[in-house]
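Residue-level listing of the chains:
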Amino acid sequence: MFVLMEDLLDKLKQLSYEEEALRRHNMRPLSRHYFALPTNPGEQFFMFCTLAAWLITKAGHRFEQPQEYDDPNAIISNVLSELRSFGRPVDFPPSKLKAGYGEQACYVLDCLAEEALKNTVSSWKRPVYPTEEREEEIIEDDAELMLNKMEENVVGEESDNEENFIDLNVLKAQTYRSDLNESARQEEILQSTTDAAEWNLEVERVLPQLKVTIKTDNKDWRIHLDQMHQHKDGIESFLKETRGYLDKLHNEISRTMEKINSREKYINNQLEHLVQEYCSAQALLSEAKEKYQEGSGGVTQRIKMLSEITEVLERVKQETEEKGSSMTDGAPLVKIKQALTKLKQETIQMDIQIGVMEHTLLQSKLTEKSNMTRDMHAAMIPEATVGVY
């Protein structure tokens, strides 16, 4: 999926999608794994629909640009139908494309990009490689040496290539033979037959070719060694000049330090009594601070007690105000009067009930007494009298 997304991004860049598709909708360019990883499903789905519509139009088919509030199912079905019309197989459900990312989204866009490339690009040309220009060799005038000077310098130099070895015996034999040939030629040529003017012309013609140019290599250790020697000489020369100034400065600083020490001792001797007074004043100040701290501690305790007493006083004031307001209020008195009248009525009723009860009790007692007297009289009558009757 990630490889497919990278191929798709390359194809979109070949189709210049940034200029033709993204700038119309004010969208940002895609990343390498935009449709391969889930970041923002809504934004990814809109980007998928936009690119799919643009690729279908690039492939030669008419396709309306989808809007933000269109039905996603209808858009997906239209895109898949266009993909089938190109002859591409679709073996996955349309719901896989609703997320806007995944393997199916990359597959659809890749197929549409290939069809767009087939329609837009007719043939590919061979790549044209740029020709590399060789850098011109910079020849310094100071590096031009004559042949004889070069031969003197080359004798003292060591070869940097370890593979090139020179046999000294062979070299001695060659130089001995060349010396013999030269001596034989000099003995043969006792008198020159060439013209001096022609010789000078030939010398002027060949003289530029006899100059040997040596390019300075900054990586050579000999150059670094020469630079080190030059810097060392320069440092030594500058050190000779600056050492005198530094010595002079050191002497001046030492003299001023001695003067400062002597002045400090003199001032300490002159101000010794003032220093003692200052120390005593500092001691008195410390004592006063301690006393102040102790006093401030007592003040804070008393302030706390005062705050507690004021709270109690406020509470008592509130209670007295509540009691005073309740005493001046006439509502309780009215209630008491009403209660008294009610009690009087209730007492009257109770008195009446008590009188009625007493009357009934008296009647019952009287009846009981009359019955007792009657019974008593009936028991005292003699039997003779009773029989007579």
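All chains use their own residue numbering, which begins from 1 and follows the written sequence. Per-residue local features of the predicted model are confined to residues with pLDDT of at least 70, and side-chain atom pairs are confined, for both listing and counting, to 80 or more; whole-chain, interface and lining totals are unaffected and use all residues. In computing side-chain values, all of the structure's heavy atoms are included and hydrogens and water are not.

Asker: Help me out: how do you make sense of the side chain of Glu82 in this one?
Answerer: Helix numbers and strand numbers start at the N terminus; a helix is a DSSP run of H or I with at least 4 residues, a strand a run of E with at least 2. Among the structural elements, Glu82 can be located in helix H4 (residues 72-85). Burial classes follow relative accessibility: with a 1.4 Å probe on protein chains only, a residue under 20% of its type's maximum area counts as buried, one over 50% as exposed, and anything between as partly exposed. The positive count covers Lys and Arg only, the negative count covers Asp and Glu only, and His and the chain ends enter neither. Salt bridge, as applied in this entry: a Lys or Arg side-chain nitrogen positioned within 4 Å of an Asp or Glu carboxyl oxygen. One buried charged residue, Glu82, forms no salt bridge at all, with the nearest opposite charge on Arg62 at 9.5 Å. Looking at Glu82, its side chain comes within polar contact range of the side chain of His61, at 2.9 Å. Setting aside chain neighbours within four positions, we find Glu82 in contact with Ile56, His61, Arg62 and Phe63. For this analysis, a polar contact is any N or O atom pair within 3.5 Å, provided that within protein one partner can donate a hydrogen and the other can accept it, and provided that sequence-adjacent residues contribute only side-chain to side-chain pairs. Every residue pair with non-hydrogen atoms within 4.5 Å of one another is taken to be in contact.

Asker: Just checking my understanding: could you explain the packing of aromatic side chains for this structure?
Answerer: We describe a pair of aromatic rings using the distance from one ring centre to the other and the angle between the two ring planes. Pairs were defined over the aromatic rings of Phe, Tyr and Trp, the Trp ring being its six-membered one, requiring ring centres within 6.5 Å. Orientation was assigned from the angle between planes: stacked under 30 degrees, edge-to-face over 60, tilted for the rest. With the rule as written, the count across this model stands at two aromatic pairs. When the centroid spacing of 6.4 Å and the interplanar angle of 85 degrees are considered together, the rings of Phe92 and Tyr107 count as edge-to-face. On the criterion of sequence distance, the pair formed by Phe92 in the loop between H4 and helix H5 (103-120) and Tyr107 in helix H5 is long-range, its members being 15 residues apart.

Asker: Help me understand a nonpolar patch on the surface in this model?
Answerer: Within this analysis, patches are made of residues with over 30% relative accessible area and no salt bridge. Like charges are joined at 9 Å or less; nonpolar side chains (Val, Leu, Ile, Met, Phe, Trp, Tyr) at 5 Å or less. Residue exposure ignores everything except the shown protein chains as possible cover, and the areas themselves are Shrake-Rupley values with a 1.4 Å probe. On the surface, Leu246, Leu249, Ile253, Met257 and Ile260 cluster together to form a nonpolar patch covering roughly 480 Å² of accessible area. Take Leu249: it is sitting in helix H9 (residues 221-270). Given the relative accessible area of 44%, Leu249 is considered partly exposed.

Asker: Help me out: how do you make sense of the nonpolar core in this one?
Answerer: Most often, soluble globular proteins have nonpolar side chains that are buried together. Grouped together as the largest cluster of nonpolar side chains are 43 residues, with contacts concentrated most on Leu30, Phe35, Leu51, Leu55, Val108 and Leu112. In terms of residues, this core owes the most to one element, helix H3 (residues 41-58), which gives 10 residues. Other than its neighbours up to four places away in sequence, Leu112 contacts Ala52, Leu55, Ile56, Val79, Leu83 and Phe86. Nonpolar core, defined: a set of buried Ala, Val, Leu, Ile, Met, Phe, Trp, Tyr and Cys residues in which side-chain atoms within 4.5 Å join the residues together.

Asker: Is there a simple way to think about unusual backbone geometry in this case?
Answerer: A positive phi angle, close to 55 degrees, is found at Ser16, a residue other than glycine. Here Ser16 is to be found in the loop between helix H1 (2-14) and helix H2 (17-25). Under the relative-accessibility criterion, Ser16 is labelled partly exposed at 25%.

Asker: Looking at this structure, I do not really get helix H8 (residues 196-210). What am I missing?
Answerer: Helix span is expected to be 1.5 Å times the residue number reduced by one. Compared with the 21 Å implied by 1.5 Å per residue over 15 residues, the 20 Å span of H8 between its first and last C-alpha is a close match. Note on bend: the value at a residue is the angle between axes fitted to the seven residues ending there and to the seven starting there. The sharpest bend along H8 reaches about 30 degrees and sits at Glu204, with the proline Pro208 one to four residues further on.

Asker: Help me understand the confidence of the model for the protein chain, please; the structure alone is not making it clear to me.
Answerer: Parts of the prediction with low pLDDT should not have their coordinates interpreted in detail. Per-residue confidence from the prediction method is given by pLDDT, with values spanning 0 to 100. Summarising the model, the protein chain shows a mean pLDDT of 78, and 77% of its residues fall at 70 or more. Of the regions scoring below 50 in pLDDT, residues 135-145 engages in 14 contacts with residues more than four places distant in sequence or in other chains. Here residues 147-151 is modelled with pLDDT under 50, and outside its nearest four sequence neighbours on either side it reaches four contacts, counting other chains as well.

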